Structures are given as structure tokens and as C-alpha cells.
Amino acid sequence: MKTETKGGYPRAKKRFGQNFLSDGNVLEKIVTSARITPDTGVIEIGSGTGYLTERLLRVAPCILAYEIDRDLVKLLKARFSDLNRFILIPEDVLKRNLETDIKEHLSGVDDIVLVSNLPYYITTPILMMVLEKTRSIQRMVMMMQLEVARRITSEPGTKDYGALSVIIRYIADAKLLFKVSRNAFRPVPDVDSAVVSIEIRRERPLEAEAQAEFFHFVHQAFAHRRKTLMNNMLSAYPTWERKDIEQAMQTHEIPLSARAETLELQAFLDLYFYYTNTRH
Ligand code: SAM
């Protein structure tokens, strides 16, 4: 099949979330925020036509990149063919095991940063994959939809605070670095964007299995936003009796009428530990 082109480049494909970032100032700010040194290994998800890749390669010793679109893979190979420090995996990043790829291509590199202008249709799955399944990435600097950026970085008691905000707080320190107008992209998307930095903590209070259970617990607490935390817990954990949940909440000074969106991370951990220690 013949590739559709526009101005020498393949035409942007909506199904792959292609909005190319062409604003030089924004690209430069992303690269600076990534704090790349001669010892840093960079992972880029969705290199696209290579605007960001090219800027990253000016400072990064090595880039491990993913790109799903075959037309763009051809273009990237042609553009960076003479560089053996640009390693391209021409596949869906969600089907890869990032730890295995890091071991194979970035072995011996201690400082690993993920930099991406994310495909927005899979922002949350990519974030969850990296946060739950990888241990080698230290920080991430990512362009995402402004709405998601707000959710990730929001404080308890605000309308954006939800399960994702709690889970991110458990794993990392997230900051909204700067907003980006939709006009910085081609084609222009329907939403505004923001660049977020996520510094991942190595130490976590829970082992992998308990961590997965805790994330489920947090999702259940927010399952019905109009319900109180008590009612969400009663529906999700039928064997956890009302009097025990009351006891757990009182022990940790959580009002019985509280909703999940008012609680700090520590309160979720306290309740989760109470639940696991007292369940029958
Ligand atoms: N980095 C480029 C830039 O800044 O202009 C492109 C960013 S564009 C928002 C997202 C890129 O991710 C596209 O090139 C798209 O083809 C690629 N992509 C989409 N889904 C992907 C997936 N599942 N795995 C790997 N790459 C993907």
C-alpha cells in the first residue's frame, strides 16, 4: 500500500495519537527538564517524525526509542541511520517488557529517564506500565493532556483528585512543570497539554503483590464518587463488616462520612493495613 504523505512526511494518523510537537522552545524546555548528563540513558516513547528525538540526541549519549507506526519507523531509520546510539524498537510499547529491553540495551546505565510526548489515547496505560512494572527508570518528563496532568498532580479535596493521584503519590513525586498551548502541535489537537515531571521513589512500603492489592483498594474507594468511603468499602469488600470499617476509620481519625477524595495517601495506607490485618 502506498504511504499517504504531506510535505514529504507521512500524514498524521489519528488512531496512533499523532500530534507532532514543532515548537522549538517547548522542545528545548522538555530536554532541559530531563536533566540529561553524559551518564544518562534516555527512553523515548513514540519518536514520531523525530523532532524531540533530534534535540535529545544533541545531549543524550544513548536513546532507546519505541515507535508503532511503520511509516514513521522508516523515516526515523533514514533520519538517524548513522547513529548507533539511537536504538529503535519498532513496536507497540505496551506489548514490550521495558525491564528486559533496558537490560538488553541500557545495561550498566544507572541514570535512566523516560522522555515522551505521549500518545494521549494510552497515557494512563503507559504510566501504569512504567510505575507498576519497571524498577530501573528514575524519572519521567512527559507531555500529556492538561486534564490528566492535573489529575496526577492534584491535592486531596480538589475535584481532580482520584485513584490515579493517590497511586502516583505512593510511587513518586509528580509536578506539573508548564502548560503547552494546543497551537504548539501539528495537527492541532482538541485539548491543551502540559509537561509533567515524575520522580520515582525506589523505596516503597509494600511488596509487589500487596502493592497491586493496595492499588485495587484505592480504585474501589473511588468507585462511586458520590458515595461515602464507607459505602464504597461495604460494596467492594462484603466480608468487611460495617463495625470493623468504623473502627478502622475511628482509629485513624477519619470522619465516618468522609469521601475518598478528601483523604491523603497515608490514610489509604492506614485503612489498607487495617483491612489486611483484620480480614477473616
Ligand atoms: N515524539 C513525537 C513528537 O514529539 O512530535 C511524536 C509524538 S505523538 C504525540 C505520539 C507518537 O507515539 C506517535 O509517533 C505515534 O505513532 C506513537 N505511538 C502511538 N501509539 C504507540 C504505541 N502503542 N507504541 C509506540 N508508539 C506509539
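These figures come from a predicted structure and were not determined experimentally.

## Thoughts on the pattern of salt bridges
Turning to step 1, where the next piece is worked out: On inspection of all chains with the given rule, the structure shows 15 salt bridges.
Turning to step 2, where the next piece is worked out: A salt bridge links aspartate 111 to arginine 139; the shortest N-O distance between them is 2.7 Å. Residue aspartate 111 is found in strand S7 (residues 111-117), and its partner arginine 139 is found in strand S8 (residues 139-145); the two are separated by 28 residues along the sequence. Both residues of the pair, aspartate 111 and arginine 139, count as buried.
Turning to step 3, where the next piece is worked out: The closest approach of N and O atoms between arginine 182 and aspartate 192, which form a salt bridge, is 3.2 Å. Pair noted here: arginine 182 is in the loop between strand S9 (172-180) and strand S10 (185-186) and aspartate 192 is in the loop between S10 and strand S11 (193-200), with a separation of 10 residues, a long-range link.
Turning to step 4, where the next piece is worked out: With a relative accessible area of 30%, arginine 182 lands in the partly exposed category.
Turning to step 5, where the next piece is worked out: By relative accessible area, aspartate 192 is classed as partly exposed at 30%.
Turning to step 6, where the next piece is worked out: Three or more residues joined by partner-sharing salt bridges are found here, namely Lys13, Asp69 and Asp71.

## A closer look at the domain arrangement of the protein chain
Turning to step 1, where the next piece is worked out: Examined at the domain level, the protein chain breaks down into domain 1 (2-200) and domain 2 (208-279).
Turning to step 2, where the next piece is worked out: On a C-alpha basis, the centres of domain 1 and domain 2 stand 34 Å from each other.
Turning to step 3, where the next piece is worked out: Listed by partner, the interface residues are 14 residues for domain 1 and 15 residues for domain 2.
Turning to step 4, where the next piece is worked out: Surface buried jointly by domain 1 and domain 2 totals about 1,200 Å² across both partners, of which 67% is contributed by carbon and sulfur atoms.

## Examining the nonpolar core
Turning to step 1, where the next piece is worked out: Counting residues in hydrophobic clusters, the biggest one holds 97 residues, and the most contacted among them are Ile30, Ile137, Met140, Phe214 and Phe268.
Turning to step 2, where the next piece is worked out: Each of two domains, domain 1 (2-200) and domain 2 (208-279), supplies a minimum of three residues to this core.
Turning to step 3, where the next piece is worked out: In this view, isoleucine 30 contacts Leu21, Leu52, Val115, Val141, Met143, Phe178 and Val195; residues no more than four positions away in its chain are not counted.

## Focus on the environment of alanine 267
Turning to step 1, where the next piece is worked out: Counting through the fold element by element, alanine 267 comes out in helix H11 (residues 265-278).
Turning to step 2, where the next piece is worked out: The class for alanine 267 is buried, based on a relative accessible area of 14%.
Turning to step 3, where the next piece is worked out: The spatial distance from the C-alpha of alanine 267 to the C-alpha of isoleucine 36 is 36 Å, given a sequence separation of 231 residues.

## Let's talk about the pairing of S7
The two faces of the sheet receive side chains in turn, since in a regular strand these alternate between them.
Turning to step 1, where the next piece is worked out: Counting buried residues along S7, 7 of its 7 residues qualify, which places the element largely inside the surrounding structure.
Turning to step 2, where the next piece is worked out: Residues of S7 alternate between two faces, with Asp111, Val113, Val115 and Asn117 on one and Ile112, Leu114 and Ser116 on the opposite face, all of them buried.
Turning to step 3, where the next piece is worked out: Two elements, strand S4 (residues 40-45) and S7, share 5 bridges in a ladder whose sense is parallel. From the neighbouring strand, threonine 40 faces S7, where its bridge partner is aspartate 111.
Turning to step 4, where the next piece is worked out: The sheet contact formed by S7 and S8 spans 5 bridges and is parallel. Bridge assignment links asparagine 117 to a residue of S8, and that residue is methionine 143.
Turning to step 5, where the next piece is worked out: Following the chain from S7 across helix H5 (residues 123-133) to the adjacent parallel S8, one finds a crossover that is right-handed.

## Some words on the site of the ligand
Turning to step 1, where the next piece is worked out: Taken together, 22 residues form the shell around the ligand, and within it Gln18, Gly46, Glu67, Asp92 and Tyr121 come nearest.
Turning to step 2, where the next piece is worked out: In this structure, glutamine 18 approaches the ligand through a side-chain N or O atom, which is 2.9 Å from an oxygen atom.
Turning to step 3, where the next piece is worked out: A distance of 3.4 Å is found between an oxygen atom of the ligand and a backbone nitrogen or oxygen belonging to glycine 48.
Turning to step 4, where the next piece is worked out: When the ligand sits alone it has 590 Å² of accessible area, and the protein chains cover 99% of it.

Parameters and conventions
- Residues numbered from 1 in each chain as written.
- Predicted model: local features only at pLDDT ≥ 70, side-chain atom pairs only at ≥ 80, totals over all residues.
- Heavy atoms only, no water.
- Salt bridge = Lys/Arg side-chain N within 4 Å of Asp/Glu carboxyl O.
- Helix = DSSP H or I, 4+ residues; strand = E, 2+ residues; numbered from the N terminus.
- Buried < 20%, exposed > 50% of the residue type's maximum accessible area, 1.4 Å probe, protein only.
- Domains from an automatic or database assignment.
- Contact = heavy atoms within 4.5 Å.
- Buried area = accessible area lost by both parts, 1.4 Å probe.
- Core = buried A, V, L, I, M, F, W, Y, C linked by side-chain atoms within 4.5 Å.
- Pairing = 2+ DSSP bridges.
- Right-handed = clockwise from strand over helix to strand, strands pointing away.
- Near = heavy atom within 4 Å.
- Polar contact = N/O pair within 3.5 Å; in protein donor to acceptor, adjacent residues only side chain to side chain.
- Areas by Shrake-Rupley, 256 points an atom, 1.4 Å probe, with all protein chains shown as cover.

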